Every structure is written in C-alpha cells, then in structure tokens.
Amino acid sequence: MKPVEIKKDVFWVGAVDFGCHNFHGYSIAPRGTTYNCYLVKDEKNVLFDTVQNHHSEDMITRLKEVIEPEKIDYIVVNHLELDHAGCLPKLVQMCKPEKIFCSVMGLKSISGYFDTTGWPIHAVKTGDVVNIGKRNIHFVETRMLHWPDSMFSYIPEDKLLISNDAFGQNIASSMRFADEVDRTGLELAIEEYYYNIVLPFSPQVTKTIELAESMGLDIDMIAPDHGLIFRNKEDVGFILNKYREMAEQKPQKRALIFYDTMWHSTETLAYQIGSGLESVGVPYRIMFLKNHHHSEIMTELARCGAVIAGSPTHNNGILPTVSAVLSYMKGLRPQNRVGGAFGSFGWSGESVRTITEWLESMKMDLPSEPVKCQYRPTPEALQAAVELGRKVGLALIDKVNGK
Ligand code: FEO
C-alpha cells in the first residue's frame, strides 16, 4: 500500500491491520483496524503520531517513499496510547527531531512509557500555535478523548483537523476515505467504536464540539487516527452531527433483550418479553450471549432506549456471561435508558435481584417488577413476561415523547 496524499503536501503514512480482532477486550472482528499517521511537508516537516510498534516497519517503509526520515523536523504526539505512540522511540531515533510536541497532560505519559532522556519535548496547550512555514498548527487539548493526554491538531491553511481517536472507526481497508465505502457499514462502525470506547466521555465530546464551534474552526477534512478520513464538508458535517447525537443519548424507540440460559426457561421468557414489546409497537432485538460478544451488545445499545437482561440463577447469582456484559456496560456509562430483568431458577432465585441491582446502578428506569419462574415458565410466568415487555415498551415510548 502506497502513501496517500490527502491534501497538497499532506500524506497518510499509517498502517492497516487486518489481523487485529481484539482491541483491549473490544472485539473488532472481522474488520480489523487502521493506525493512521500523517506527514506534512513544509519549511518544517512534521509527523503527526506513529503506529502500533509491530506495524512500524510497514509505516516506516511508507514514510520513506515520501521523505527521508532524518528530514522530519517535528513530531506531534496527539496521544500516548501505544496504538499511536508504539513506535515513537524508533522514529525519534531515526529522525532526531528538533522538537516533539505533546499536551501538558502527555508529559507524564510520555516519560512513563519511554526513556525520554534527551528528547526535545515541548508541552502545548489549547490555543498554542506553531508555525511550520506556510502553515500553522493549532493545538486543542481534548482531555479524556480518549485519555487525559489526548489532543487535536488543526491546520487552518488546509482546513484540516487531525483528530486522533475522536471520529475514528475500527476498519481495515484499502480505501482511505469515508466516501469510498458503503455508508450503512460505515455508520455501524462509527457507532460500534463510539459505544465501545468513547461513550463514557460523551460530556467531553459535547464540550469539544462546542469548543471547536466557538473557536470558529473552518474544517473541510477530519483525519482521525483510526479508519477512514472525512474529506469534504458534507462528510465533516455528517460525522460531527453523528457524534453530537451519540453524545446526547436521546432515547430511541427500540429495545435490546439479552440473556443466557441453561435449559431454555430464561430463553422462553425472553421471547415472551419480545411479544410484549411488539404489542405496544416497540421494535426489539433478542441477543443470546453464547452467540454475541459483549462488544456487539454495546453496539446494539447505540440504537436502543431500553435494555432487558435475563439470566438463570447460578451459584446464587447470575451466569458469568451476563455478569460480564453488565459489568462492561456499566463501565461504558450508558445514560437515559429504561430497563428490565428476568430469569429462571431451581431453588434460590437471586438472579433477577442481581440484574436489577446492576440496572439500578446504571440509573435506568425500571417500570416493571422483574419476572422470574421456577424450573419451567408457567402460563402465569409467560403472561408476566409479556406484561414486562409491554410496561417497558410503554415507559420507553413516554421517554421518547419526553413525558
Ligand atoms: Fe487509539 Fe486511545 O488509542
């Protein structure tokens, strides 16, 4: 794969990782990911970010097609997580840059990860500007998007925002631009990435977009460090709006039912709950946790205003698959959801209480008592499950309508 000139004298020199299917616990199968980094050629030549260390040779080969590395004057480290800074020591040794820029918060991470003895590090903050010839780099700190050290680099002369993790997607592709791929798949990848990485930082997303607007940044290209680049005003508007909407977490009229089951009793309740949702006109999806990774559950949640979770009682608690999803979900801090719990049991029956506690800890509205059945669902339990679906559905409709 060749370097790609994305603007005059601005080159993509990153690496595409088709083989990475797990990103610290977030399943990105089957697509893989891309570590983007960018070279700007000007009076001062600047490299923005690097790649995962095990893709360094790939990136360096590509870089060398555009420039001799020793001619790189500055390296900008927008983020220290190792998917972007993994081969920084190699690049520093090779380029011997005059300056390395990172955020004030990045100072701690850069020396925490690497032996930075002798590195010409300069900490920058929002509002700082560095001239590189015909262009200026404006730095914008974006704390917690995705780490405390994260920042954007904006080049007004090119109307280019290099946004690091924000606006990314885990997509490995020979294409470089968002307008070259199927839009439905792209949107799903954006939601998947947001709901598995960015969601807890939604307040910062809103603030960052507001800050960019208040600074009057004129942008016609957003180049993230993962996935595809948005290269025209229409696509820039699309991704900014998508982020605004996802950060808002407005309730959506759709429900997610997920469960695990031992002998199909909990599963039977799940389908009855679906019937209850259907009776009040709420679309839903049922996901069996033996078939779906916790990342898929979170991705589905992007389009669902209600979450109904089920487990049989197992060792006085819930099945580990269900507990893993609830723990993962809570960490990602979904807001503004309606919830419900169900499950079966043999003798003690704690599962619904455990699930309810998880949902309450996520501050979900719980409009119905949980539904549980002993051994096999009786006709009464089946009816109660339908009723649970109906009540959750009606509460969701009210929430969507702002009641
Ligand atoms: Fe893509 Fe926070 O690293």
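Residues numbered from 1 in each chain as written. Predicted model: local features only at pLDDT ≥ 70, side-chain atom pairs only at ≥ 80, totals over all residues. Heavy atoms only, no water.

Participant: How should I be thinking about the sheet that holds strand β17 (residues 255–259) in this particular structure?
Facilitator: Where strands meet in a sheet, backbone hydrogen bonds hold them as pairs that are either parallel or antiparallel. Read across the sheet, 5 strands follow the order β18-β17-β19-β22-β23 without closing on themselves; strand pairing throughout is parallel. Each end of this open sheet is capped by a strand with a single partner; those strands are β18 (284–288) and β23 (371–374). Neighbour-to-neighbour, the strand axes of this sheet turn through a mean angle of 10°, independent of strand direction. Relative to β18, β17 runs parallel, the two sharing 5 bridges. Among the inter-strand pairings, L256 is bridged to a residue of β18, identified as R285. Contacts from helix α10 (residues 320–331) reach β17 and β19 (306–310) within the one sheet, and its direction differs from that of β17 by about 140°. Lying over the sheet, helix α11 (residues 351–361) contacts β19, β22 (338–345) and β23, oriented at roughly 160° with respect to β22. (Pairing = 2+ DSSP bridges. Helix = DSSP H or I, 4+ residues; strand = E, 2+ residues; numbered from the N terminus. Axes fitted to C-alpha atoms, helices over the stretch in contact; angles between N-to-C directions. Contact = heavy atoms within 4.5 Å.)

Participant: Any chance you could explain α10 here in plain terms?
Facilitator: With 12 residues, α10 should cover 16 Å at 1.5 Å per step; its first-to-last C-alpha distance of 16 Å lies within 8% of that length. Listing the buried residues of α10 in full gives V322, V325, L326, Y328 and M329. Buried residues along α10 cover an arc of 165° about the axis, so they all sit on one side. Downstream of α10 by a residue or two, R333 has a phi angle that is positive, lying close to 55°. (Expected span 1.5 Å × (residues − 1). Buried < 20%, exposed > 50% of the residue type's maximum accessible area, 1.4 Å probe, protein only. Arc of directions from axis to C-beta.)

Participant: Hey, could you run me through the pattern of salt bridges in this one?
Facilitator: Pairing between side chains of opposite charge can happen when the charged atoms of each approach one another. This model, assessed by the stated rule, comprises 27 salt bridges. A salt bridge links R135 to D42, with the shortest nitrogen-to-oxygen separation between them at 2.8 Å. Here D42 lies in the loop between β7 (38–40) and β8 (46–48) and R135 lies in the loop between β12 (129–131) and β13 (136–141), a separation of 93 residues in the sequence. R143 serves as the salt-bridge partner of E141, at 3.3 Å between the closest nitrogen and oxygen. What makes R143 partly exposed here is its relative accessible area of 44%. Here the residues in one salt-bridge network are E187, E191, K242 and R303, joined through shared partners. (Salt bridge = Lys/Arg side-chain N within 4 Å of Asp/Glu carboxyl O.)

Participant: What's the story with the packing of aromatic side chains in this structure? I'm lost.
Facilitator: Across all of its chains, the model carries 10 aromatic pairs by this definition. A network of ring pairs unites the aromatic residues F152, F167, Y194, Y195 and Y243 as a single cluster. Above the face of the F177 ring, R231 is positioned so that its terminal group lies 4.0 Å from the ring centre. The aromatic ring of F345 is capped on one face by K372, whose charged end is 5.3 Å from the ring centroid. (Phe/Tyr/Trp six-rings, centres within 6.5 Å; stacked < 30°, edge-to-face > 60°. Lys NZ or Arg CZ within 6 Å of the ring centre and 35° of its normal.)

Participant: Before we go on, may I ask you to explain unusual backbone geometry in this structure?
Facilitator: For residues other than glycine, phi is negative in most cases, and the peptide bonds are mostly trans. Cis rather than trans, the peptide bond between A29 and P30 has omega equal to 0°. Here P30 lies in the loop between β5 (26–27) and β6 (33–35). In this structure, D49 is a non-glycine residue whose phi angle is positive, near 70°.

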